[in-house]
Amino acid sequence: MRSYSREEHLTAEHLIRIKGVDFGFGRNRVLENINLEIRRGDFLAVLGPNGAGKTTLLKLILGLYQPGAGVIELFGVEGSRFRERHRIGYVPQKTGAFGEFPATVWEIVATGRTARIGLWRGLGVEDREKIRAALSALGLEELAHRPVGALSGGQRQRVAIARALAAEPEVLLLDEAAEGLDAAGEDSFYGLLERFNREQGLTVVLVTHDIGAVSRRVKKVVCLNRCIVFEGPPQECLENGKLSALYRMPVYIPGVVNRRQGRRTARSRR
Amino acid sequence: MMDIWHYEFFTRAITAGAICGITCPLVGVFLVARRFSFLADALAHVSLTGVALGLLLGIAPGVTTIAAVLAAAFAVEWLRAKQRFYADALLAVVMAGGLALGIIIVSKSRGFGADLAGYLFGSLLTITPTDLYLIAGLAVLVVAVILFLYRSLFALALDEEYARSAGFQTPVVNAAFMFVAALTVAMAIRAVGVLLAGALVVIPVLIAVRVNKSFRGTVITAAAAGTALVLGGLHLSYACDLPPGPAVVVLGIAVLVGVALLREVAELRSGGSKSHEKGVRGCT
């Protein structure tokens, strides 16, 4: 994975710029007037209730959907003209398909590298080294030749991250990737992402419901409910009751927001 | 038994069968992994329209078959990718449509019932040197495309949405795959016939899936199993005086059931020994 110098962090250029984006499925408007900038080194959580448009927002960035209005710029290039898709890593919510057909961890992680080198080149020595590095970063070297179907849910999620990292992305997008993990697994998962962000300068954008697990780790929170209702530090989001308003119920997190605070905010918003 | 090798027709049948036995599972692996195995059957039924058209118009049926199957394959891919039809329902419609159109053409033209029977049930033993060259040429093309696109096809089979997001050229890869799938089905029809072509594409893959842990191993085993089944089926056909296509398929199903049972027994035995180990550890 590519690391960034302190100077590069300080300049913190915009990797992703979303300007006035609307999107809908037929008449059903899913996102309205989304404006968001993601800078190099950001560690950002996108929060919101079911149907708020979180996954849709990720899929717009990934080029899987095209915006109805507005512009998405990726590394300074308009989204539909952006060709270096390997610069944006993606960890989907479901890795269930991994175990359904025989495939080893190495084979799956190698597909991430293929995304970077393209159709015309085979895997060279350097590519194999990068795959090994991605496996090692996720603690998967020992499991490299094991069938992925024999792994636990947490291990499969690490395989999905290793696949994304093998392409040496500059931004990593994760769609509720910790779902299904137990509390310890979830904590170690977010800890791993925090380490990549802190030590290697990887920009991380994660969609999650679980503000409790990420509030201590992320630098910025975006609360989404068709439009962006809050953007800022997680502490501020929790303390000013934005989250309780967003979910229309008291949200309290031990050590961050107490029960009384959460209930009061939710009541006042109804 | 070895006498049969002296017959030229049998040598051609064996060679063509072995080529189909390698090629069909190579395509089949990706079809099964994508939950799209029914495609081979659907295209095989469409080929009936191609065969009937060829016989009716006096054009070489091989040519019209390939044209019909290619047209159907690209139509399926367009409807799946752009119109977002349910894949299984779409294939059922294509299969019924191909069969219906073929029967209509046959009903309007009398006199090629015997020729059509060969296409329905396969006629490996009647393969001409020209057929053999055509099958060999198609197989080289199919294997070359599969090897070239191997890693992209694997990524797509694993997770198409991820592959699209990562910048794999999915429309190009899918179109190329549909092209080779159509050619492969056209080949398989010559070997085992319209009604059994799907089996030659799928059965060796299912056998390989039961005994492999890696994708690469599955691909190699499926190709080996396909070849062995065709050769074994042809010998069975000669020894027991059975039609060759059905003999290949029945042998394949017997091997698949045998492999599944063996694996079940092996799992039961290893499960027993594992729990025994656990119990011993628990006591100590």
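The rules behind the values
- Residues numbered from 1 in each chain as written.
- Chains lettered and ligands numbered in written order.
- Predicted model: local features only at pLDDT ≥ 70, side-chain atom pairs only at ≥ 80, totals over all residues.
- Contact = placed C-beta atoms within 7 Å.
- Helix = DSSP H or I, 4+ residues; strand = E, 2+ residues; numbered from the N terminus.
- Expected span 1.5 Å × (residues − 1).
- Buried ≥ 20, exposed ≤ 12 C-beta atoms within 10 Å, placed from the backbone.
- Pairing = 2+ DSSP bridges.
- pLDDT = per-residue confidence, 0-100.
- Axes fitted to C-alpha atoms, helices over the stretch in contact; angles between N-to-C directions.
- Parallel < 35°, antiparallel > 145°, perpendicular 65-115°, else oblique.
- Left-handed = near helix turned anticlockwise from the far one by under 90°.
- Nonpolar A, V, L, I, M, F, W, Y, C, P; charged D, E, K, R; others polar.
- Core = buried A, V, L, I, M, F, W, Y, C linked by C-beta atoms within 7 Å.

Another point: the interface of chain B and chain A. Facing 22 residues of chain B, the contacting portion of chain A comprises 20 residues. Counting residues per element, the ones that place at least two in the side of chain B that touches chain A are helix H6 (129-158), helix H7 (160-165) and helix H10 (215-240) of chain B.

A few words on helix H3 (residues 105-117) of chain A. Here H3 of chain A contains 13 residues, and its C-alpha end-to-end distance of 19 Å stays within 8% of the 18 Å for a straight helix at 1.5 Å per residue. For H3 of chain A, the tally of buried residues reaches eleven of 13 residues, placing the bulk of the element in the interior. Considering only its buried residues, H3 of chain A is in contact with helix H4 (125-137) and helix H5 (153-165) of chain A together with H6 and H10 of chain B. After H3 of chain A finishes, the residue Gly118 of chain A shows a positive phi value of roughly 85°.

A few words on the sheet that holds strand E2 (residues 28-39) of chain A. Residue and element names in this part refer to chain A. Strands sit in the order E2-E1-E4-E5 across an open sheet of four strands; the sheet is antiparallel. Edge positions in the sheet fall to E2 and strand E5 (77-78), since each has one partner strand and no second. With two bridges connecting them, strand E4 (residues 69-74) and E5 associate as antiparallel partners. The partner of Glu73 across the bridge, within E5, is Glu78.

Glancing now at the pairing of strand E3 (residues 43-47) of chain A. All names here are of chain A. Of all five residues in E3, five are buried, a share of seventy percent or more. Burial along E3 is two-sided: Phe43, Ala45 and Leu47 facing one way and Leu44 and Val46 facing the other are all buried. Where E3 and strand E8 (residues 203-207) come together, four bridges link them in parallel fashion. Following the sheet pairing, Ala45 is matched in E8 by Leu206.

Turning next to the confidence of the model for chain A. This prediction gives chain A a mean pLDDT of 83; 83% of its residues lie at or above 70. When the criterion is pLDDT under 50, residues 6-11 of chain A qualifies, and its contacts beyond four places in sequence or with other chains add up to five contacts.

All names here are of chain A. Pairing of strand E1 (residues 14-25) with E2, which is carried by eight bridges, proceeds in the antiparallel orientation. In the sheet register, Gly24 faces E2, and the bridge partner there is Arg29. Count of turn residues in the E1/E2 antiparallel hairpin: two residues, of which Gly26 carries a positive phi of about 65°. One ladder, built from five bridges, connects E1 with E4; its direction is antiparallel. Bridging from a neighbouring strand, Ile16 pairs with Leu74 of E4.

This paragraph deals with the sheet that holds strand E9 (residues 220-225) of chain A. Residue and element names in this part refer to chain A. With mixed pairing, the six strands of this open sheet are ordered in space as E6-E7-E8-E3-E9-E10. Of all strands in the sheet, those bounded by a partner on one side alone are strand E6 (88-91) and strand E10 (227-232). Taken over all neighbouring pairs, the strand axes of this sheet differ in orientation by 15° on average, direction set aside. Pairing analysis gives five bridges linking strand E7 (residues 171-175) to E8, with the strands arranged parallel. When the bridges of E8 are listed, Leu174 appears paired with Leu206. Those strands touched by helix H2 (residues 54-61) are E3, E6, E7, E8 and E9, and its axis lies near 145° from that of E7. With respect to the sheet, helix H6 (residues 183-200) is in contact with E3 and E8, its orientation differing from that of E8 by roughly 150°.

Attention now moves to the environment of Phe75 of chain A. Residue and element names in this part refer to chain A. One can find Phe75 in the loop between E4 and E5. C-beta crowding within 10 Å serves as the criterion here: with 16 such atoms nearby, Phe75 is assigned to the partly exposed category. Counting along the chain gives 57 residues from Phe75 to Arg132, while the straight-line C-alpha distance between them is 27 Å. The contacts of Phe75, once residues within four sequence positions are left out, are Leu15, Phe82 and Arg87.

Attention now goes to unusual backbone geometry. Residues and elements named next belong to chain A. With phi around 45°, Asn33 is a residue other than glycine that occupies positive phi space. As for its position among the elements, Asn33 is in strand E2. Non-glycine residue Glu176 carries a positive phi angle of around 40°. Residue placement: Glu176 occurs in the loop between E7 and H6. On the neighbour-count criterion, Glu176 (18 C-beta atoms within 10 Å) is partly exposed.

Moving on, we get to the packing of helix H1 (residues 8-33) of chain B against helix H8 (residues 170-192) of chain B. Residues and elements named next belong to chain B. Their axes nearest at 9 Å, the elements H1 and H8 cross at an angle of 140°. Between H1 and H8, the crossing angle belongs to the class labelled oblique. Like other packed secondary-structure pairs, H1 and H8 cross with a definite hand, here left-handed. Counting all contacts with H1, which are made through Ala16, Gly17, Cys20, Thr23, Cys24, Val27, Phe30 and Leu31, the residues of H8 involved are Phe177, Val180, Ala181, Thr184, Met187, Ala188 and Ala191. Grouping the amino acids of the contact of H1 with H8 by side-chain chemistry returns twelve nonpolar, three polar and no charged.

The biggest cluster of nonpolar side chains holds 163 residues, and the ones touching the most others in it are Val109 of chain A together with Leu43, Val69, Val185, Ala188, Ala197 and Leu200 of chain B. Leave out the neighbours within four places in its chain, and Ala197 of chain B touches Ala40, Ala44, Val185, Ala188, Ile189 and Val192 of chain B.

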